[in-house]
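Working through the structure, step by step
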Amino acid sequence: MRWLPFFLLFAAPAASAAEGDAGALLHRLQSEVSADRIEADIVRLVGFGTRHTLSETESETRGIGAARRWIKAEFEAISADCGGCLEVFYVSDFVEGETRIPNRTEVVNVIALQRGRLDPDRVVMMSGDIDSRVSDPLNGVSDSPGANDNASGVAGVLEAARVLSREKFAGTIVYAALSGEEQGLYGGAILAKYAQENGWRIKAVLNNDMIGNIEGVDGVIDNATARVFSDGVRATETPEEARIRRFTGGEVDSPSRNLARYIDQLADDYIPNLDVMMVYRLDRFARGGHHRPFNDAGMPGVRIMETHEHYDRQHQDLRTEDGIAYGDVLSGVNFDYARKLTSLNVVALAAMASAPPFPANVEISGAVQPSTTLKWVRPVGRAAGNLAGYRVHWRLTDAPQWTHSVDVGDVAEYTLENIVIDNYYFGVSSLAKDGAESPVVFPGPAGSFGE
Ligand SMILES: [Zn+2]
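Residues numbered from 1 in each chain as written. Predicted model: local features only at pLDDT ≥ 70, side-chain atom pairs only at ≥ 80, totals over all residues. Heavy atoms only, no water.

So, on to the state of the cysteines. Every disulfide links exactly two cysteines, by a covalent bond between their sulfur atoms. Scanning all chains against the criterion turns up 1 disulfide. In this model Cys82 forms its disulfide with Cys85; the gap between the sulfur atoms is 2.0 Å. Measuring handedness by torsion sign, the sulfur bridge of Cys82 and Cys85 sits at about -85 degrees and is left-handed. Overall, Cys85 belongs to the buried group, its relative accessible area being 19%. (Disulfide = S-S within 2.5 Å. Buried < 20%, exposed > 50% of the residue type's maximum accessible area, 1.4 Å probe, protein only.)

Here you go:
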């Protein structure tokens, strides 16, 4: 067909995490992520021999000191390319007397911050971990390439900074290369404390830990899915908040869980050949990751990673035993898969940083009534400069994703007529003038993303 009537060209699209200009931006940004650059960065990080938290810090070529100085220099080069748009700095503290850090050790995170234009204290963060390990968690000397765990995550963070630093956003994006992960999640705890002390309103931490392995120990080869782990209930919930939740619901609607739903939807809308498996638990069974210290401090955060792990390639001394090659080496990383998961981070960071302030103080009412009413507080001033309005969402209580929504305009209260509160879960998202949408915020303390 040679032409279309204008009304067809401008037909209303289905509800999605971003529409219009924002949707076009996300499609473009995801396509700009480079597997070649990710590969080059992983090769460079592996080249430091070991990046163990207890490894030496004086050498320019080996150990975690050399690695973090190189990461900082990379962030500074990216910043130079965008006219100094990134603030690059270390956030560190000393740790000692711990099982895995017995002697006084400086745990150093490398941070790049891209400050938002309208709401600069509102932060979304992508993180990866600098440090690597072998079989003995205290061995800071042996070769410990950590190609997948977690050079892949750091390379993803660097690449996301390259792609996103060419754009301007309403909210702030933080790119974090964390340290001390394998020794007990120390770097994340240090940064969470720094964030609180500096007034960062953290809305999302996307912790990327192992985003490059596609050959599972279970025999499955899979480059088309990713896992997103999230807590169902806020770790900082008080007994009184738990009592209220028992009577009103919210067991599967923490801000971290709704962040996971948001990422799941973005993968469907923007990332070719990638489906998200939402896992309804904090992390792998009895295992840890660097989103947890942020969750512990009351901040929403999820773990993004490959679906099929290979344990012969994690935390192993480099060796061959009974014909099996052990170790976290370059050959275990699929760079195009790491690109795909990095693209997912890029669209999630861009969508949230483009969105207006997330709905705050969301309340719901409607017991023994035919209709359900949601209320929230509309922001004022500069932070609301890109606010277009709100979207009310609902779903059956056993549905994994939000299934129904209505755009309600720039109001602070809305009643869904003849929708009975008992039978659904409800939430509200904010919409920007360019179509960018925040995650859905479930009412009450159970679902709050904070102010
Ligand atoms: Zn690990």
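Turning our attention to the nonpolar core. Among the nonpolar cores identified, the biggest contains 94 residues, and Ile42, Ile71, Phe75, Leu164, Tyr175 and Ile263 are the most heavily contacted of them. With 13 residues, the single largest contributor to this core is helix α11 (residues 335–354). Leaving out residues up to four positions away in the same chain, Phe75 has contacts with Leu86, Val88, Val110, Ile111, Ala112, Val157, Leu158, Ala161 and Tyr175. Val91, Ile111, Val123 and Met299 belong to the second largest nonpolar core, which has 22 residues in total. (Core = buried A, V, L, I, M, F, W, Y, C linked by side-chain atoms within 4.5 Å. Helix = DSSP H or I, 4+ residues; strand = E, 2+ residues; numbered from the N terminus. Contact = heavy atoms within 4.5 Å.)

A separate point is the sheet that holds strand β16 (residues 424–432). A sheet is described by the order of its strands in space; here 3 strands give the open sequence β14-β13-β16, paired in antiparallel fashion. The open sheet is flanked by β14 (404–409) and β16, the only strands paired with a single partner. Ignoring strand direction, the axes of neighbouring strands in this sheet form an average angle of 25 degrees. (Pairing = 2+ DSSP bridges. Axes fitted to C-alpha atoms, helices over the stretch in contact; angles between N-to-C directions.)

Taken together, Asp149 (OD), Glu182 (OE), Glu182 (OE) and His315 (NE2) make up the full set of protein donors to the zinc ion, lying 2.0 to 2.8 Å away. Around the zinc ion, the 4 donor atoms are arranged such that angles at the metal cover 51 to 145 degrees; this shape is classified as irregular. (Donors = N, O, S within 2.8 Å, 3.2 Å for Na, K, Ca; no water. Tetrahedral: all angles 85-135°; square planar, octahedral: opposite > 155°, others 65-115°.)

On to the side chain of Ser438. Assignment of secondary structure puts Ser438 in the loop between β16 and α12 (444–447). Contacts of Ser438, omitting those with residues within four sequence positions, involve Tyr262, Ala355, Phe358, Pro359, Ser429 and Ser430.

Ordered in space as β11-β12-β15, the 3 strands form an open sheet in which the pairing is antiparallel. This sheet does not close on itself; its edge strands, each paired only once, are β11 (360–365) and β15 (413–416). Strand-to-strand, the axes of this sheet are offset by a mean angle of 15 degrees, without reference to chain direction. As judged from the 4 bridges shared by strand β12 (residues 372–377) and β15, these two strands associate in the antiparallel manner. Bridging across to β15, Thr373 finds its partner in Thr415.

Here the focus is the pairing of strand β5 (residues 201–208). For β5, the tally of buried residues reaches 7 of 8 residues, placing the bulk of the element in the interior. As judged from the 6 bridges shared by strand β3 (residues 119–129) and β5, these two strands associate in the parallel manner. In the strand pairing of β5, Val123 is matched with Ile202. In this sheet, strand β8 (residues 301–306) lies alongside β5 in parallel orientation, the contact comprising 4 bridges. Within β8, the residue paired with Asn207 across the bridge is Arg303.

Take Ser448: it is sitting in the segment after α12. For Ser448, a relative accessible area of 29% gives the class partly exposed. Taking the C-alpha atoms as reference points, Ser448 and Gly65, 383 residues apart in sequence, are found 39 Å from one another.

Ring pairs (aromatic) are described by centroid distance and by the angle formed between their planes. Under the counting rule described, the total for this entry stands at 7 aromatic pairs. Between Phe358 and Phe449, the aromatic rings sit 5.5 Å apart at their centres with planes inclined by 70 degrees, giving edge-to-face as the arrangement. Here Phe449 lies in the segment after α12 and Phe358 lies in the loop between α11 and β11, a separation of 91 residues in the sequence. In this structure Phe358 comes out as buried when scored by relative accessible area, which is 4%. For Phe449, a relative accessible area of 4% corresponds to the buried category. With centroids separated by 5.7 Å and ring planes inclined at 80 degrees, the aromatic side chains of Tyr425 and Phe442 adopt a geometry described as edge-to-face. In this pair, Tyr425 sits in strand β16 while Phe442 sits in the loop between β16 and α12, placing the two residues 17 residues apart along the sequence. In this structure, Tyr425 and Phe442 share a single accessibility class: buried. Taken together, the ring pairs connect Phe89, Tyr194 and Trp200 into an aromatic cluster. Lying over the aromatic face of Phe94, Arg104 brings its terminal NZ or CZ to 4.0 Å of the ring centre. (Phe/Tyr/Trp six-rings, centres within 6.5 Å; stacked < 30°, edge-to-face > 60°. Lys NZ or Arg CZ within 6 Å of the ring centre and 35° of its normal.)

With that settled, consider the pattern of salt bridges. For the structure shown, the criterion picks out 33 salt bridges. Notably, a salt bridge pairs Glu159 with Arg162, separated by 2.9 Å at the nearest N-O pair. Taken together, the residues span about one helical turn, with Glu159 and Arg162 both in helix α5 (residues 147–164) at a distance of 3 residues. Here Glu159 and Arg162 have matching classes, each one buried. Residue Glu197 is joined to Lys193 by a salt bridge in which the shortest nitrogen-to-oxygen separation is 3.5 Å. Here Glu197 pairs with Lys193, and both are found in helix α7 (residues 186–197), just 4 residues apart, close to one helical turn. It is possible to trace a salt-bridge network through shared partners that takes in Asp209, Arg227, Asp283, Arg284, Arg287, Arg303 and Glu309. (Salt bridge = Lys/Arg side-chain N within 4 Å of Asp/Glu carboxyl O.)

As far as function goes, none of this settles anything; it's purely spatial.
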